[in-house]
Amino acid sequence: MKKILTIAACSLMMASCGLYNKYERPDEVKTQGLIRDLTNDGDTLVTNTDENFGNLPWREVFTDPQLQSLIEKALENNTDLRNAALNVKMMETALTCAKLAFLPSIAIAPQGTISKVQMDGASTSKTYQLPISASWNLDLFGNLLSQKRSAQMKLLATKDYQVVVQTNIICGVANLYYTLMMLDEQLAIVTDMEGLVKETWDMMKLQMELGRARSTSVQSAEASYYSIQAQKVTLKKQIREMENSMSLLLNEAGHQISRGSFYSQSLPSQFATGVGIQLLSNRADVHAAEMQLAQCFYDTETARSRFYPSITISGNAVFTNSLGTQIVNPGKWILSAVGSLTQPIFAHGQIVAGLKVAKAQQEQALNNFQQAILKAGNEVSNALVNYNACDEKSQLDEKQVKLYEQTVADTRQLYTSKGSSYLEVIQAQSSLLNARISKVTDDFNKMQAVVNLYQALGGGSK
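Residues numbered from 1 in each chain as written. Predicted model: local features only at pLDDT ≥ 70, side-chain atom pairs only at ≥ 80, totals over all residues. Heavy atoms only, no water.

Got a minute to help me understand the overall build of the chain in this structure?
The helix and strand inventory of the chain stands at nine helices and five strands. Counting every position in the chain, which comprises 462 residues, the buried fraction comes to 40%. By sequence separation, contacts in the chain at least 24 residues apart represent 83% of the contacts at least 6 residues apart. Total accessible area on the chain stands at roughly 25,400 Å², and carbon and sulfur atoms take up 54% of it. (Helix = DSSP H or I, 4+ residues; strand = E, 2+ residues; numbered from the N terminus. Buried < 20%, exposed > 50% of the residue type's maximum accessible area, 1.4 Å probe, protein only. Contact = heavy atoms within 4.5 Å. Areas by Shrake-Rupley, 256 points an atom, 1.4 Å probe, with all protein chains shown as cover.)

Would you take a moment to explain the packing of aromatic side chains for this structure?
For any two aromatic rings, the description comes down to two numbers: the centre-to-centre distance and the angle of the planes. Counted according to the given criterion, the structure contains six aromatic pairs. Ring centres of Phe-297 and Tyr-298 lie 5.2 Å apart, and the angle between their planes is 75°; this geometry places the pair in the edge-to-face category. (Phe/Tyr/Trp six-rings, centres within 6.5 Å; stacked < 30°, edge-to-face > 60°.)

Which parts of the structure should I look at to understand the side chain of Ser-305?
Relative to the helices and strands, Ser-305 is located in helix H7 (residues 284-305). When its relative accessible area of 3% is taken as the criterion, Ser-305 is described as buried.

What is the right way to look at the pattern of salt bridges in this model?
Applying the stated criterion to the full structure yields 15 salt bridges. Note that Glu-301 is salt-bridged to Arg-304, the shortest N-O span being 2.7 Å. Here the residue Glu-301 and the residue Arg-304 both occupy positions in helix H7, the gap between them amounting to three residues, near one helical turn. The salt bridge partner of Lys-446 is Asp-391, with a shortest N-O separation of 3.0 Å. Here Lys-446 is found in helix H9 (residues 422-456), whereas its partner Asp-391 is found in helix H8 (residues 348-416), with 55 residues between them in sequence. Accessibility expressed as a relative area gives 25% for Asp-391, which makes it partly exposed. One network of salt bridges, in which partners are shared, links Asp-184, Glu-243 and Arg-259. (Salt bridge = Lys/Arg side-chain N within 4 Å of Asp/Glu carboxyl O.)

Looking at this model, I keep getting lost on a nonpolar patch on the surface. Mind explaining?
A surface patch of nonpolar side chains, amounting to about 300 Å² of accessible area, comprises Ile-106, Ile-108 and Leu-130. Within the element layout of this structure, Ile-106 appears in strand S1 (residues 105-108). Take Ile-106: its relative accessible area is 62%, and that puts it in the exposed class. (Patch = residues over 30% accessible without salt bridge, like charges linked within 9 Å, V, L, I, M, F, W, Y side chains within 5 Å.)

What is the right way to read unusual backbone geometry from this model?
Leaving glycine out, the prevailing phi sign among residues is negative, and the prevailing peptide bond configuration is trans. Notably, Asn-251 is not glycine yet its phi reads approximately 60°, a positive angle. Turning to its location among the elements, Asn-251 is positioned in the loop between helix H6 (215-249) and H7.

Quick question: what am I supposed to make of the confidence of the model for the chain here?
Keep in mind that low pLDDT regions are not for reading the predicted coordinates in detail. Mean pLDDT over the chain: 79, with 79% of residues reaching 70 or higher. Of all secondary-structure elements in the chain, the lowest mean pLDDT belongs to helix H1 (residues 2-15), at 47, while helix H3 (residues 65-77) reaches the highest, 93. When the criterion is pLDDT under 50, residues 1-5 qualifies, and its contacts beyond four places in sequence or with other chains add up to five contacts. Here residues 11-16 is modelled with pLDDT under 50, and outside its nearest four sequence neighbours on either side it reaches six contacts, counting other chains as well. (pLDDT = per-residue confidence, 0-100.)

In this structure, what is going on with helix H4 (residues 79-100)? I would like to understand it.
At 3.6 residues per turn, the α-helix brings residues three or four places apart onto the same side. Between its first and last C-alpha, H4 extends 32 Å over 22 residues, near the 32 Å set by a 1.5 Å rise per residue. Taken together, the buried positions of H4 are occupied by Leu-81, Ala-84, Val-88, Met-91, Leu-95 and Ala-98. Relative to the axis of H4, the buried residues are bounded by an arc of 80° and lie together on one face. Two or three places before Asp-80, at the start of H4, stands the capping residue Asn-78, its side-chain oxygen 3.0 Å from that residue's backbone nitrogen. (Expected span 1.5 Å × (residues − 1). Arc of directions from axis to C-beta. Polar contact = N/O pair within 3.5 Å; in protein donor to acceptor, adjacent residues only side chain to side chain.)

What is the right way to look at the environment of Lys-22 in this model?
Considering the arrangement of structural elements, one finds Lys-22 in the loop between H1 and helix H2 (58-61). Separated by 127 residues in the primary sequence, Lys-22 and Arg-149 have C-alpha atoms spaced 8.9 Å apart. Here Lys-22 is in contact with Arg-149, Phe-297 and Tyr-298, once residues within four sequence places are set aside.

Is there a simple way to explain the nonpolar core in this structure?
For soluble globular proteins, nonpolar side chains are generally found buried alongside one another. By size, the foremost hydrophobic cluster in this structure holds 64 residues, and its most contacted members are Phe-53, Phe-62, Leu-67, Val-173, Tyr-178, Met-246 and Leu-453. Secondary structure elements with two or more residues in this core: H2, H3, H4, helix H5 (143-209), H6, H8 and H9. Counting residues per element, this core draws most heavily on H5, which supplies 20 residues. If sequence neighbours within four positions are ignored, Phe-62 has contacts with Leu-67, Gln-68, Ile-71, Ile-170, Ala-174, Tyr-178, Leu-267, Val-451 and Tyr-454. Grouped together as the second largest cluster of nonpolar side chains are 19 residues, Met-291, Ala-294, Phe-369 and Ala-376 included. (Core = buried A, V, L, I, M, F, W, Y, C linked by side-chain atoms within 4.5 Å.)

Can you walk me through the environment of Ser-314 in this structure?
If you trace the backbone, Ser-314 turns up in strand S4 (residues 310-323). According to the relative accessible area criterion, Ser-314 is partly exposed, its value standing at 24%. Sequence separation of Ser-314 and Val-338 is 24 residues, and the distance between their C-alpha atoms is 5.2 Å. Residue contacts for Ser-314: discarding those within four places in its chain leaves Ala-134, Ser-135, Ser-336, Ala-337 and Val-338.

Teacher, can you tell me more about the side chain of Thr-167 here?
Structurally, the position occupied by Thr-167 is in helix H5. A residue is classified by how much of its surface remains accessible, and Thr-167, at 6% relative accessible area, is buried. When near neighbours in sequence (up to four residues on either side) are disregarded, Thr-167 contacts Gln-455, Gly-459, Gly-460 and Ser-461.

Explain the environment of Leu-249 to me, please; I cannot follow it from the model alone.
As for its position among the elements, Leu-249 is in helix H6. Measuring from C-alpha to C-alpha, the distance between Leu-249 and Val-173 comes to 7.4 Å, with 76 residues separating the pair along the chain. With near-sequence residues (within four places) excluded, Leu-249 lies in contact with Ala-74, Asn-78, Ile-169, Gly-172, Val-173 and Leu-176.

Quick look at the structure:
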């Protein structure tokens, strides 16, 4: 026993060579220059990190009461989020098992026998045993410790996934809500244009009756009217599909979704996005990728610890009345303790292969972490440039709408006095419709860019 303890002490000194290392972020991970400047192609964005847009609670970003109600319902009912919560519970249980591995294992196996020899005057003999055995694996080389730490990292990554699902639900509901309002606004524009085109058609029919127009002009106006009606049908179909998608996100059967008006929405227009890795401090998927890297790091430590011997201390205690050839009552205790050391020899090739696999998996996890960082920075850059581009296009669309509104009024007036052709009237109305639709689309894309930026910065975790 003393020899075993001596070996254990020596092993402990050997273990100080690196088997108890803790994970640290590798220096080679690139975290700078993630966000491109909006005006200078050669620069990267640097702003105040204390006011990161992604740090805002989602209720401060999405202030529409009806939208807030939908988000709350989705967070409560969504199946993916419920399953993510169950995954967290399973990982918590796995971590508990990893922690319990440090404790000794104890087993009790009571036994009893009754025997009688069929001879005159023979008595019945009764024997019993109550054995209790305990076994304790001394974790001198970090095998159990690294497994526990690996389980901790896996739990953190699972919790990160739960946050990712929550963020996706919040931003998904917001995007669908704004999409529905955008389609409502486009439907209102098309309906308004339908009335205007119908007036033009009626006007041309009257002009033909008076001999001032040909039948071709009336046919063109009628075809334009049917084209507008076809657009209405398409928009109504899209609205119904979006409502069904929203209902599915709420874990409900398809139904009508109550919503506000498109241009009554108020969203942030000034954004602070942070710099470097601080920008991604809220990105649960990026953090999950790093936790997976940390998990692989500890898996490598576990694989490395298998090169060292395993030391086990076992103890046995038996309360029995069977002492060899004698039966005594009451029974007596028999105690024993054994220490064992197992050093792998012939399994050396398997252990080497296991370490190589663990190192390769750790390298893959590092590549995935770096890719997650770059992807997050790319998403933030795209959302920012999309917001600014759509804002600029919306202002240009506004100018076009005003010009086309005047053009439509002028061409209609000129047509009645034969100052313009029916084609000019129809073309002016078509251009006005396209400009109005384009403006609503660009305004929606600007809203969507805000939602996407919030999501790219890890918003919704609070």
